[in-house]
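# Report on the structure
Okay, here's what each chain looks like letter by letter:
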Amino acid sequence: MKSRLLGVLTLLSLIFSFDALHAQLNFNGGPGLVYVQSAWTLERGHLTAGGQTRFFGENADYTDSRPLTVWNVSGRVNINYGMGKHFELAVTPIIYQDLNRPSGKVSSPDDLVISVKVGSFNSPGSSLTYGFTLGTRLPLGEVHNVPFEPYASDNVSWGLGGLLSYTTDPLYPEAATSVHFNLGYWNHNDVGVDLVQGGSIGTEPSTMSQELLYGIGVKVPKDALDFSVELYGNAFLQRPPEAAYSRENYLYLTPAVAYKPWKWMTFQLGLDIRMASGQDETLYAPDSNGVNRTLPNSQSNYPTWRLHFGSSFSLLPTSIYHMSERDLLMQKAQSRRELFEQIIREQDETESAEAELERIRAERIRAEKELERLRRVLEGEPDEDSGDNEN
């Protein structure tokens, strides 16, 4: 029964192996949470692949009373490769993107996101790890002004971000409770780009749309399950043009759980809950009756909720499929040999320093006794310690 259930989950993960939150910091499926990245990189030679999907839906009407069911479905696949001790490459093709229009048109395939993480920097034995990311989005999709999706332009955009991770166990950080923080910048490079909206041409940006991206998350690993919660959002430094559907700031809370049936496979389920968003500021194209549209039943350009499903598979090294728990533990210990040796050296140095401190303390006590004896001799008092000093 268990194998059958896992087979169904695997099939679903391959069918729905998508996600397309272009403006968040984690463009990949590497170490981290649903949206917030960790500062840790994949080990050298490790290759992972997986995918994620995210969807939202509700019945609604446009202002001209045409019934419409809005399905906000998007998806991506993730390919991550550890290039070295501190470098990780991520290639993320967006496979499917609903355009959320009455025509029912979709964009498939959509854009391509490429990013490099430079991380896993810390001191031996330290609980803090830091790094940064550099990423770019190539506009391969047909449409880039999509309702209920973060703003994206029809030009090559780019961004960078800082990563900070804290773990309660620096020797085995992946198996311990950890906290992760991201802060980044994204430039949409959209000056002069036309925004198509409802069959009409929208306004062209005269200045580049730019935003800050932030996120913080906590992860609590257990035997077969990982529990996490994260808070992430954005703040526009320069808002997109008035014709853009998504030009307001947003804030989401995402509780999630990950199931690990095997050491090389993970399934993930999360729920995005909108905590805050600005009022709708989009200037909509008029409908066939000349009435300005609004988004269906919306006080904002972002969904109130979204369901997230994802999966991740380890492809390299292939030895991971045959390794026992003991072998895996020995491999982890071997990879941390340098750290263990550093901790032992520091402990030896600390013990040596403590011994030296004890010797200095004893010498000080002896010197104080000698001074007291000399004072008594000078003042003509009996030398009570003379017997002790003769020994």
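This write-up is about the structure you can find in this document.

### Let's talk about the overall build of the protein chain
Along its length, the protein chain carries 4 helices and 15 strands. Looking at the protein chain as a whole, 42% of its 391 residues qualify as buried. Counting contacts in the protein chain only where the partners sit at least 6 residues apart, residues at least 24 apart contribute 66% of the total. Element-wise, carbon and sulfur atoms account for 59% of the exposed surface of the protein chain, whose accessible area totals about 19900 Å².

### Observations regarding the pairing of strand β14 (residues 265-277)
Direction of pairing for strand β13 (residues 250-262) relative to β14: antiparallel, over a ladder of 9 bridges. Within the sheet, the bridge partner assigned to L253 lies in β14 and is I273. If you look at the hairpin formed by β13 and β14, you'll find 2 residues sitting between the two strands. Examined bridge by bridge, β14 and strand β15 (residues 305-316) share 9 bridges and lie antiparallel to one another. The partner of M265 across the bridge, within β15, is F313.

### Notes on the nonpolar core
In this structure, V34, Y35, W186, L213, Y232, F236, Y250, Y252, A256 and Y302 together form the largest nonpolar core, which totals 10 residues. Elements with a contribution of two residues or more to this core: β12 (225-238) and β13. Ranked by residues supplied to this core, first place goes to β13 with 3 residues.

### Here's the deal with the side chain of S165
Looking at the secondary structure, you find S165 in strand β7 (residues 157-167). Relative accessible area serves as the criterion here: at 1%, S165 is assigned to the buried category. Within polar-contact distance, the side chain of S165 engages the backbone nitrogen of A39 at 2.8 Å.

### What about the packing of aromatic side chains?
A full pass over the atoms with the stated rule returns 10 aromatic pairs. Measuring from ring centre to ring centre gives 5.8 Å for Y232 and Y252, while their planes differ by 20°; the resulting arrangement is stacked. Here the residue Y232 occupies a position in strand β12, and Y252 occupies one in strand β13, the gap between them amounting to 20 residues. Grouping aromatic residues by their ring pairs yields a cluster made of Y35, Y232, Y250, Y252 and Y302. Directly above the aromatic system of Y252 lies the positively charged group of R306, at a separation of 4.1 Å from the ring centroid.

### Comments concerning the pattern of salt bridges
For the structure on display, the rule yields 9 salt bridges. One salt bridge in this structure joins R54 and E149, with 3.3 Å as the shortest N-O distance. Taken together, the residues span a long stretch of sequence, with R54 in strand β1 (residues 47-61) and E149 in the loop between β6 (128-138) and β7 at a distance of 95 residues. With respect to burial, R54 and E149 carry one shared label: buried. Note that K219 and D226 form a salt bridge whose closest N and O atoms lie 3.8 Å from each other. In this structure K219 comes out as partly exposed when scored by relative accessible area, which is 21%. Overall, the relative accessible area of 9% leaves D226 in the buried class. Because the salt bridges share partners, they merge into one network encompassing D110, D111 and R137.

### Focus: the environment of A276
Mapped onto the secondary structure, A276 falls in strand β14. Between the alpha carbons of A276 and Y250 there is a distance of 5.7 Å; along the sequence they are 26 residues apart. When residues no more than four places from it in sequence are discounted, the contact partners of A276 are N249, Y250 and L251.

### Some words on unusual backbone geometry
Going from S108 to P109, the amide bond is cis rather than trans, its omega being 0°. Position of P109 relative to the elements: it lies in the loop between β4 (106-107) and β5 (112-121). With omega at 0°, the peptide bond leading from L316 into P317 counts as cis. Its place among the elements puts P317 in the loop between β15 and α2 (325-335).

Here is what the cut-offs are and how they apply
All residue numbers refer to position in the chain's written sequence, counted from 1. Reporting of local features is limited, given that this is a predicted model, to residues whose pLDDT is at least 70; pairs of side-chain atoms are given and counted only at 80 or more, and all residues count toward the totals for whole chains, interfaces and linings. To obtain the side-chain values, all non-hydrogen atoms of the structure were included, while hydrogens and water were left out. Helix and strand definitions here come from DSSP, where helices need a minimum of 4 consecutive H or I residues and strands a minimum of 2 consecutive E residues; each element is numbered from the N-terminal end. Here's how the labels work: a residue is buried when its accessible area is under 20% of the maximum for its type, exposed when over 50%, partly exposed in between, all with a 1.4 Å probe on protein chains only. We call two residues in contact whenever any of their non-hydrogen atoms come within 4.5 Å of each other. Working definition of accessibility: Shrake-Rupley area with a 1.4 Å probe, residue cover restricted to the visible protein chains. Two strands make a pair as long as DSSP finds a minimum of two bridges between them. Note on terminology: a nonpolar core comprises buried Ala, Val, Leu, Ile, Met, Phe, Trp, Tyr and Cys residues joined through side-chain atoms within 4.5 Å. Side-chain atoms alone can form a polar contact between residues adjacent in sequence; in general such a contact is a pair of N or O atoms within 3.5 Å, and within protein one must be able to donate a hydrogen while the other accepts it. Stacked, tilted and edge-to-face pairs are distinguished by plane angle, under 30 degrees for stacked and over 60 for edge-to-face with tilted covering the rest, among Phe, Tyr and Trp rings (Trp via its six-membered ring) whose centres lie within 6.5 Å. Definition used: whenever NZ (Lys) or CZ (Arg) falls within 6 Å of the ring centre and also within 35 degrees of the ring normal, the charge is taken to sit over that ring. Salt bridge criterion: a side-chain nitrogen from Lys or Arg within 4 Å of a carboxyl oxygen from Asp or Glu.

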